[in-house]
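Here is how the chains run, residue by residue.
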Amino acid sequence: DQQVKQNSPSLSVQEGRISILNCDYTNSMFDYFLWYKKYPAEGPTFLISISSIKDKNEDGRFTVFLNKSAKHLSLHIVPSQPGDSAVYFCAASLGAGTASKLTFGTGTRLQVTL
Amino acid sequence: SAVISQKPSRDICQRGTSLTIQCQVDSQVTMMFWYRQQPGQSLTLIATANQGSEATYESGFVIDKFPISRPNLTFSTLTVSNMSPEDSSIYLCSVGGGGTQYFGAGTRLSVL
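Below is a summary of the structure that appears in this document.

## A closer look at the interface of chain A and chain B
And then number 1: On the side of chain B, 19 residues touch chain A, which itself brings 20 residues to the contact.
And then number 2: Roughly 1500 Å² is buried in total at the junction of chain A and chain B, and carbon and sulfur atoms are behind 59% of that figure.
And then number 3: At the junction of chain A with chain B, the criterion picks out one salt bridge.
And then number 4: A salt bridge links Lys101 of chain A to Glu58 of chain B; the shortest N-O distance between them is 2.9 Å.

## Quick notes on the state of the cysteines
All names here are of chain B.
And then number 1: Under the criterion given, the structure shown has two disulfides over all chains.
And then number 2: Cys23 shares a disulfide with Cys93; S-S distance 1.9 Å. Looking along the S-S bond of the Cys23-Cys93 disulfide, the torsion reads about 70°, which is the right-handed sense. Of this pair, Cys23 sits in strand 3 (residues 19-25) while Cys93 sits in strand 9 (residues 89-97), and the two are 70 residues apart along the sequence.
And then number 3: Assessed through its relative accessible area of 0%, Cys23 is described here as buried.
And then number 4: Not engaged in a disulfide, the cysteine Cys13 finds its nearest cysteine sulfur in Cys93; these two sulfurs lie 17 Å apart.
And then number 5: Residue classification places Cys13 among the buried residues on the basis of a relative accessible area of 8%.

## Brief notes about the sheet that holds strand 8 (residues 72-77) of chain A
All names here are of chain A.
And then number 1: The strand order across the open sheet formed by five strands is 1-3-8-7-6, and the pairing between neighbours is antiparallel. Taken across any chain shown, the strands that pair with only one partner, and hence form the sheet edges, are strand 1 (4-5) and strand 6 (56-59).
And then number 2: Bridging between strand 7 (residues 62-67) and strand 8 involves six bridges; their strand directions are antiparallel. The residue of strand 8 that forms the bridge with Thr63 is His76.

## Quick look at the sheet that holds strand 7 (residues 68-72) of chain B
Residue and element names in this part refer to chain B.
And then number 1: The four strands lie next to each other as 1-3-8-7, forming an open sheet whose pairing is antiparallel. The sheet is open, and its two borders are formed by strand 1 (4-7) and strand 7, each paired with just one other strand. With strand direction ignored, the average angle separating the axes of adjacent strands in the sheet is 15°.

## Quick look at the nonpolar core
Residue and element names in this part refer to chain B.
And then number 1: In this structure, Trp34, Ile46, Phe66, Ile68, Leu78, Tyr91 and Leu109 are the most contacted members of the largest nonpolar core, which totals 26 residues.
And then number 2: For this core, the element with the most residues is strand 3, which contributes four residues.
And then number 3: Setting aside anything within four residues of it in sequence, one finds Leu109 in contact with Asp11, Cys13, Leu19, Val80, Met83, Asp87, Ser88, Ser89 and Tyr91.

Rules used in this analysis
- Residues numbered from 1 in each chain as written.
- Chains lettered and ligands numbered in written order.
- Predicted model: local features only at pLDDT ≥ 70, side-chain atom pairs only at ≥ 80, totals over all residues.
- Heavy atoms only, no water.
- Contact = heavy atoms within 4.5 Å.
- Buried area = accessible area lost by both parts, 1.4 Å probe.
- Salt bridge = Lys/Arg side-chain N within 4 Å of Asp/Glu carboxyl O.
- Disulfide = S-S within 2.5 Å.
- Helix = DSSP H or I, 4+ residues; strand = E, 2+ residues; numbered from the N terminus.
- Buried < 20%, exposed > 50% of the residue type's maximum accessible area, 1.4 Å probe, protein only.
- Pairing = 2+ DSSP bridges.
- Axes fitted to C-alpha atoms, helices over the stretch in contact; angles between N-to-C directions.
- Core = buried A, V, L, I, M, F, W, Y, C linked by side-chain atoms within 4.5 Å.

Take a look at the structure:
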């Protein structure tokens, strides 16, 4: 049972435009959500996170939105840059502690074109 | 953030053999995690390794197949035993910190 889902395996966006990556989850007990970026031959790199007590968290060009009632979160990248081309994973956990197990989605491959 | 080194970065192995993957962290950490990413799949947690105690395995993973060592607060190993082609995956270690987890570059394993 896939508790965290990313239904779009790929996304292509023009440079300078907004990239919106989506993630849905089924377990209502999840209360902490993260986005990771992964380049080929590298490990996932933490991007941004959000606690379930918030509905938005912003860090530079990256904003994560959380809709708890819909069990949906999204990552907005504005403006998109060619260096943003990577695979993006959303992840969810029970709590934000360092011992929290992360449940990952299958990833969305973002291609930012010139 | 933590700097995590994994060895080897990739390997090609014959079925029936075993491979030990090493994970070194640049700071002392209580818990280390081992994940697997099968082709086209998400990252799946194999086990959590505490220093000084036995690792805790997730459903579907057993110690006989994936024995883990955690001899000190900066190092861990994961062994993939009696390998079959289905074990072909990327194996990643991670450590927790600051409400998130930091990952090594992973070990890309191909089993023939």
